[in-house]
Structure formats: C-alpha cells, structure tokens
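Listed here are the chains, written in short residue letters.
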Amino acid sequence: MTVARQQVAQARRIVVKVGSSSLTTAAGGLDADRVDALVDVLAKGRSGGEREIVLVSSGAIAAGLAPLGLRRRPKDLARQQAAASVGQGLLVARYTASFARYGVRVGQVLLTSDDMSRRAHHRNASRTLDKLLAMGACPIVNENDTVATDEIRFGDNDRLAALVAHLVRADLLVLLSDVDGVYDGDPARPGTSRIAEVRGPADLEGVEIGSAGKAGVGTGGMVTKVEAARIAAAAGIPVVLTSAVHAADALSGGDTGTFFHATGKRSADRLLWLQHASTPQGSLTLDDGAVRAVVERRKSLLPAGIAGVDGEFSAGDPVELRDGAGHAVARGLVNFDAREIPLLIGRSTRELARELGAEYEREVIHRDDLVILHP
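The following paragraphs examine the structure supplied in this document.

Rules behind the numbers
Residues numbered from 1 in each chain as written. Predicted model: local features only at pLDDT ≥ 70, side-chain atom pairs only at ≥ 80, totals over all residues. Heavy atoms only, no water. Helix = DSSP H or I, 4+ residues; strand = E, 2+ residues; numbered from the N terminus. Polar contact = N/O pair within 3.5 Å; in protein donor to acceptor, adjacent residues only side chain to side chain. Patch = residues over 30% accessible without salt bridge, like charges linked within 9 Å, V, L, I, M, F, W, Y side chains within 5 Å. Areas by Shrake-Rupley, 256 points an atom, 1.4 Å probe, with all protein chains shown as cover. Salt bridge = Lys/Arg side-chain N within 4 Å of Asp/Glu carboxyl O. Lys, Arg positive; Asp, Glu negative; His and termini not counted. Charge placed at Lys NZ, Arg CZ, Asp CG, Glu CD. Buried < 20%, exposed > 50% of the residue type's maximum accessible area, 1.4 Å probe, protein only. Phe/Tyr/Trp six-rings, centres within 6.5 Å; stacked < 30°, edge-to-face > 60°. Pairing = 2+ DSSP bridges.

**Some details on the side chain of Ser 58**
Mapped onto the secondary structure, Ser 58 falls in the loop between β2 (52-57) and α3 (60-63). Engagement of the side chain of Ser 58 in a polar contact is seen with the side chain of Asn 157, the distance being 3.2 Å.

This is the structure:
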C-alpha cells in the first residue's frame, strides 16, 4: 500500500459524496438496490464505531421526477424545487430504512451557501454535525434545493462536499460518481489511462476534463469533481475520486480512482465558504490605499477607502471588492445596506459618528469577514 493510500486507510472522519446517477434509475426514480449497496459499504466502513462518516448525497430532484410524472430533470427552477420537495423525503426515508439494517440512525442536514457564509448559521451547522457524529448517527447532507436559487447552487453537491469536509474537520473526502477516476484523455478512447495521483495543479495541465455524465439526472461532471477536489486539497484534506461501485476499495485504501494529495493548510472554515460558495450581491470599488490595506496588510475596509458602489444589497450580504481597474481582489460580508454606502464614501469613521451617530463608527467590512481572492 502506498503512502497516499495509507492516509486513506488511517482516516477516522470521512466525508463521502455520492451523485444522483449512482442512486437513481435512468427514468428518474430511486434505485433501492443501489442505495442499499452504498449503505452496505458505508455501514461496514464505520468499522464498529472507529470511523465517523458524513454522507453528502445528491438525488433529491432525481428521486422526485418519476412521482411527479416528469421524464427528465426540468430546466426551470420552480419545478426543480417541487421535485426536490417530493424527492428529499423519499431519499431520506430510503436511507433511514437502509441504515436501520445495521442499527445506524441517520440525521438530515440541509444547507445553502447563503446560510453557511453567515457566522451564526455556520457555527450552528458545525455544532449540529459534530453532535450527530458524537451520538453515533450518520449525517446525510444535501443542498436545500427547495429554497436554493440559481445564484446559490453548489453544482451537484461536489463543491458542497468539499466545504462540508472542511466544516467537520474531515481527514478524507471521497467523491463517488459513475466515473472511476480522472483519465489523461477520453476514457472511451483506447490508449488513455487513469491518473492514480495528483500532487498539485501541474499534474492536470493539458488534461481534458469531461462534463456531465450520461445519466442526465445530475448537474455535475468531472469538471465540478476536480474543482471540489482542488478546494478540499487546498484546505488540507486529501481526496479520493472514483466510482460508486469501487466505494469499498476507496474507503479501505485500495488502488482505485484518483488520489488528490493535500496541497495546503486549513483556514477559518467560514471564510472557505465565503470564497467558494457565496454569490456577491454587489461590489465596492476601492482606492489604491484601501486595496493595499485590505490585500497586503489584511486590514478591515473603512469608509474612507471606498471610491464607488454598485448593486442592491443589504447588511450581512456578501459583496465583491474591486480595485480601480475593476479586478476583484477580495470578498466580504458588508455591514451596511447599499443605499447607505454613498453617504460614507471617502469619509472617516470619526466624522461619520459625529454627523450620523455612534453606530456609523465601524468598518464597512471587518477583516474577520474578508477573504482575499488570489488570481
């Protein structure tokens, strides 16, 4: 067993993500045998309580298609949400019954990116997941498709899984789909081979990454899986990307799929969500001095450094920070509504406090709510 695969075998807290195509029939209903086969692997993978597993499961929309008489995944958001509403209950009920064969309880956790960028919601989600694991339950996480909008969707839960892995301080992320790894070309063409390990972005230079799979019930593809693997690896979490039929080998450290080595260190959980999952509701243009203060010195954004404002947003929303050339340099949670910003532009907090009241003697964005966007 290689050193990389030993890391897999030794992982104690694991996030496993499974895609819609691995759980459903082509017609859009849940495939009970597929669900049971996955649960068999996960239940045994818990190794008598020595391992903790968090399952990030797609499939709610796909599971709701057949019951609603839909032949394929609808394109409009309203019908997607309706299908998710019907399908989510069916999905969790199936998991509940399947895990019960092993005496394992499950707990449903529905998340949106908007929730997870906000400090209190992020803390509550972390606490809930930790408590479920401590009580021996298997958390089943999904995007809250019934209320998520086009602007805050995760992309078949691949990116969500990477962020959840960071949220729960996982030792390993396993991405399962209908493809058994990353290949150096089209897997259907002769002469292509599986890439066993990825140590950094350079290992995938020139590799053509495929799009969504053939089943047509999910929204992801190899592109979103590789991007999720990069997010997790950059956050200090190794990743195995393989097919659902090889799940047992993936969890035991077998030579399957593609192993992504961790490339970075863990950062503040919430800032990872802010960087990779939030959708800016507007933007603030900064003068050169403010750009240097925010980007180079990691300072809070003060009113005096703002040169312009664009968009409609409320206090607490994520906004983009741009330099004078219009390049995005940072993202943060703003403390004022968009309509208030023009009153603040270019003025000191002391001056604003004298004129408008003590509540204006504060940062527009505090440094704890800021993430720098690296080019």
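**Details of a positive patch on the surface**
Where like charges cluster on the molecular surface, the positive patch consists of Arg 292, Arg 297, Lys 299 and Arg 367. Classification of Arg 292 as partly exposed rests on a relative accessible area of 44%.

**Regarding the packing of aromatic side chains**
Under the defined criterion, the tally for this structure stands at 2 aromatic pairs. Both rings, one in Tyr 95 and one in Phe 99, keep their centres 6.4 Å apart while their planes meet at 40 degrees; by these two values the pair is tilted. Residue Tyr 95 and its partner Phe 99 are both found in helix α4 (residues 77-100); the two are separated by 4 residues, about one turn of the helix. With a relative accessible area of 0%, Tyr 95 lands in the buried category. Their ring planes at 20 degrees and their centres at 5.6 Å tell us that Phe 336 and Tyr 360 sit as a pair that is stacked.

**Digging into the pairing of strand β12 (residues 328-333)**
The buried fraction of β12 is high, at 5 of 6 residues. What sits between the antiparallel neighbours strand β11 (residues 318-322) and β12 is a turn of 5 residues, in which Gly 326 has the positive phi angle 90 degrees. Bridge analysis of β12 against strand β13 (residues 370-372) gives 3 bridges, and the strand direction is antiparallel. Among the inter-strand pairings, Arg 331 is bridged to a residue of β13, identified as Val 371.

**Structural notes on unusual backbone geometry**
Here the phi dihedral of Arg 169 falls at roughly 60 degrees; this positive angle occurs in a residue that is not glycine. With respect to the helices and strands, the residue Arg 169 is situated in the loop between α7 (158-167) and β5 (172-177).

These results come straight from atomic positions and should not be treated as a statement about function.
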